[in-house]
Amino acid sequence: MTQQRVAIVTGAARGIGAATVKRLAADGYAVAVLDLDADATAETVATVEKSGGRALGVGVDVADSPSVEAAVARVAADLGEPVVLVNNAGIVRDNLLFKMTDEDWDSVLAVHLRGSFLMSRAAQRYMSAAKWGRIVNISSTSALGNRGQANYAAAKAGLQGFTKTLAIELGPFGVTVNAVAPGFIVTDMTASVAARVGVDFEAMQAADAANNPVRRVGQPEDVAHAVLRPFVAGPADRPGNEDVRQTGCTCSACGPLAPWVISKLTRWFSSRLRYPLDWIAEWWTNTSGPPPSGVMNPKPFSALNHLTVPCTTASSPWKHTGPTTMSIPGRCGSIQDRRP
Ligand SMILES: NC(=O)c1ccc[n+]([C@@H]2O[C@H](COP(=O)([O-])OP(=O)(O)OC[C@H]3O[C@@H](n4cnc5c(N)ncnc54)[C@H](O)[C@@H]3O)[C@@H](O)[C@H]2O)c1
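Residues numbered from 1 in each chain as written. Predicted model: local features only at pLDDT ≥ 70, side-chain atom pairs only at ≥ 80, totals over all residues.

Let's shift gears to the overall build of the chain. Broken down by element type, the chain carries 11 helices and 11 strands. For the chain, with 340 residues in total, the buried portion stands at 49%. Excluding contacts between residues fewer than 6 apart, the proportion of contacts in the chain whose partners are at least 24 apart in sequence is 72%. (Helix = DSSP H or I, 4+ residues; strand = E, 2+ residues; numbered from the N terminus. Buried ≥ 20, exposed ≤ 12 C-beta atoms within 10 Å, placed from the backbone. Contact = placed C-beta atoms within 7 Å.)

Structure representation (structure tokens):
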């Protein structure tokens with residue numbers, strides 16, 4: 001029997017992190033559930049164990065170097081050497097620039113950016129030694145700029161540069177590094193934003209859904225899907241996913257797109273950037289299975305994953321003509337990649 005692979009998800013006691021843990025466990029990974037308070041991870045761990053999986057809750061402050069070193073060492077000793085890392089832990093301290101305090105700025109940069117750096121540095125040792133690894137950083141569509149979020153936007157944009165750089169450095173060791181940039185997702189984080197600005201959370205969701213092509217808001221499971229499908233190999237019984245090679249990508253995932261929109265976007269990418277349609281379709285089939293006839297892919301968010309196809313490859317990330325920025329029309333932000 002092949003050894004069970006071990007994944008780490010930070011900020012995994014709830015929200016997007018918890019959904020990603022459950023998804024990884026369902027895909028056959030043993031999962032370390034890291035969060036500030038180990039006790040808060042109990043529910044996520046119990047859910048995994050109830051479905052027959054292995055999980056370990058570990059307390060960590062991702063912004064603190066000794067805490068990170070201790071947590072990653074504990075995972076390696078008690079669960080197994082980690083080969084997948086999802087840098088998801090996050091906080092918001094929103095304020096307009098003139099009201100933003102030093103603490104607002106420092107704490108957000110510390111958790112998102114320094115935290116991802118410390119975690120990645122600690123975990124890559126095991127990945128490089130194993131000659132296989134996957135790092136996925138959770139960025140945000142706010143990386144492109146968002147009123148009241150100078151700190152958060154700077155951190156999330158920084159994460160995208162961090163992602164590309166790690167992709168270049170770690171690619172030769174079989175480690176891919178990518179980012180997923182969600183838009184509005186229903187979690188405690190967005191609920192707290194609604195409370196802070198005095199907007200009813202249900203009304204906030206309704207407003208977001210009204211602007212979405214399929215009239216529903218994103219859920220944590222949608223982001224978990226965007227993390228897992230394109231960027232992390234599936235279990236041994238899903239070999240098609242084993243050879244995931246794209247690296248240095250940022251995949252926007254802010255809302256499900258109706259099939260006709262997906263189809264139009266695919267054609268747009270094909271015509272404007274001259275990626276052959278059959279090439280996109282082949283990659284599509286390799287990663288998610290063949291789309292049902294007449295529908296490109298019914299799963300929410302997966303369309304955007306597919307549009308990240310033309311990224312650097314793990315084997316030769318530097319042999320490219322330079323970065324290409326592609327903007328998807330509409331409010332879904334952008335996918336940035338390098339063209340092979
Ligand atoms: N919810 C959204 O709309 C949305 C959109 C784009 C990006 N994101 C990003 O997704 C990630 C998860 O967001 P969420 O909505 O699930 O948030 P959440 O607030 O529900 O969960 C974040 C988790 O991170 C943990 N955490 C905070 N600081 C930590 C630290 N120093 N060390 C370890 N753990 C820490 C928290 O305890 C919490 O459990 C964040 O990086 C966030 O910026 C969220």
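Having seen the model, we can carry on.
An ideal rise of 1.5 Å per residue puts 42 Å on 29 residues; helix 4 (residues 102-130) measures up with 41 Å between its terminal C-alpha atoms. Looking one or two residues beyond helix 4, the residue adopting positive phi is K131, at roughly 60°. (Expected span 1.5 Å × (residues − 1).)

On to the site of the ligand, then. The environment of the ligand is formed by 28 residues, the closest being G11, G15, G90, T187 and M189. By residue class, the composition of the shell around the ligand is 14 nonpolar, 10 polar and 4 charged. (Near = placed C-beta within 6 Å. Nonpolar A, V, L, I, M, F, W, Y, C, P; charged D, E, K, R; others polar.)

Here we take up the nonpolar core. The tendency in soluble globular proteins is for nonpolar side chains to be buried as a group. Ranked by size, the top nonpolar core spans 73 residues in total, and within it V9, V21, V31, V33 and V227 carry the most contacts. No other element matches helix 4, which puts 9 residues into this core. Contacts of V227, omitting those with residues within four sequence positions, involve T20, V86, V136, V180 and V232. (Core = buried A, V, L, I, M, F, W, Y, C linked by C-beta atoms within 7 Å.)

What follows covers the environment of A70. Within the secondary structure layout, A70 lies in helix 3 (residues 65-78). Accessibility expressed as a C-beta count within 10 Å gives 15 for A70, which makes it partly exposed. The spacing of A70 and V58 is 12 residues in sequence and 9.8 Å in space, taken between C-alpha atoms.

On to the packing of helix 4 against helix 5 (residues 150-170), then. At a minimum axis separation of 9 Å, helix 4 and helix 5 run at an interaxial angle of 15°. Here helix 4 lies roughly parallel to helix 5, going by the angle between them. The interaxial crossing formed by helix 4 with helix 5 has right-handed handedness. Within the contact between the two elements, helix 4 uses D104, W105, V108, L109, H112, L113, S116, F117, S120, Q124 and S128 and helix 5 uses N151, Y152, A154, A155, K156, G158, L159, F162, L166 and L170. Of the residues assigned to the contact of helix 4 with helix 5, the class counts are 12 nonpolar, 7 polar and 2 charged. (Axes fitted to C-alpha atoms, helices over the stretch in contact; angles between N-to-C directions. Parallel < 35°, antiparallel > 145°, perpendicular 65-115°, else oblique. Left-handed = near helix turned anticlockwise from the far one by under 90°.)

In this structure, C251 sits in strand 8 (residues 250-253). Along the backbone, C251 and N178 are 73 residues apart, and their C-alpha atoms lie at a distance of 8.0 Å.

With that settled, consider unusual backbone geometry. For K131, which is not a glycine, the phi torsion comes out positive at approximately 60°. Structurally, the position occupied by K131 is in the loop between helix 4 and strand 5 (133-138).

Each regular strand shows side chains that alternate between the opposite faces of the sheet. Burial runs high along strand 5: 6 of the 6 residues are buried. A two-sided burial pattern is seen for strand 5, the buried positions comprising G133, I135 and N137 on one face and R134, V136 and I138 on the other. By the bridge criterion, 4 bridges tie strand 4 (residues 82-87) to strand 5 in an arrangement that is parallel. Counted as the bridge partner of L85 is I135 from strand 5. (Pairing = 2+ DSSP bridges.)

It is worth spelling out the packing of helix 3 against helix 4 at this point. As a packed pair, helix 3 and helix 4 sit with axes 9 Å apart at the nearest point and diverge in direction by 30°. Overall, the two elements helix 3 and helix 4 adopt an arrangement that is roughly parallel. As helix 3 runs across helix 4, the sense of the crossing is right-handed. In contact with S65, V68, E69, V72 and A76 of helix 3, helix 4 contributes L118, M119, A122, A123 and Y126. Tallied by class, the residues present in the contact of helix 3 with helix 4 amount to 8 nonpolar, 1 polar and 1 charged.

Let's shift gears to helix 1 (residues 15-26). In a regular helix each residue adds 1.5 Å, so 12 residues correspond to 16 Å; helix 1 covers 17 Å between its end C-alpha atoms and thus fits that length. Judged by how many residues are buried, helix 1 sits mostly within the fold: 11 of 12 residues are covered. Taken residue by residue, helix 1 has G15, I16, G17, A18, A19, T20, V21, K22, R23, L24 and A25 as its buried positions. Trailing helix 1 by a residue or two, G28 shows a phi angle of about 100°, which is positive.

Attention now goes to the pairing of strand 4. For strand 4, a buried count of 6 out of 6 residues is recorded, marking the element as mostly surrounded by other parts of the structure. Two strands pair when backbone bridges link them, and strand 1 (residues 6-10) and strand 4 are joined in this way by 4 bridges, in the parallel orientation. Within the sheet, the bridge partner assigned to V6 lies in strand 4 and is P82. Taken together, strand 4, helix 4 and strand 5 form a β-α-β motif whose crossover is right-handed. (Right-handed = clockwise from strand over helix to strand, strands pointing away.)

Right, let's talk about the environment of A19 for a bit. Within the fold, A19 resides in helix 1. Each C-alpha atom of the pair A19 and D222 lies 8.8 Å from the other, and the pair is 203 residues apart in sequence. Contacts of A19, omitting those with residues within four sequence positions, involve P220, E221, V223 and A224.

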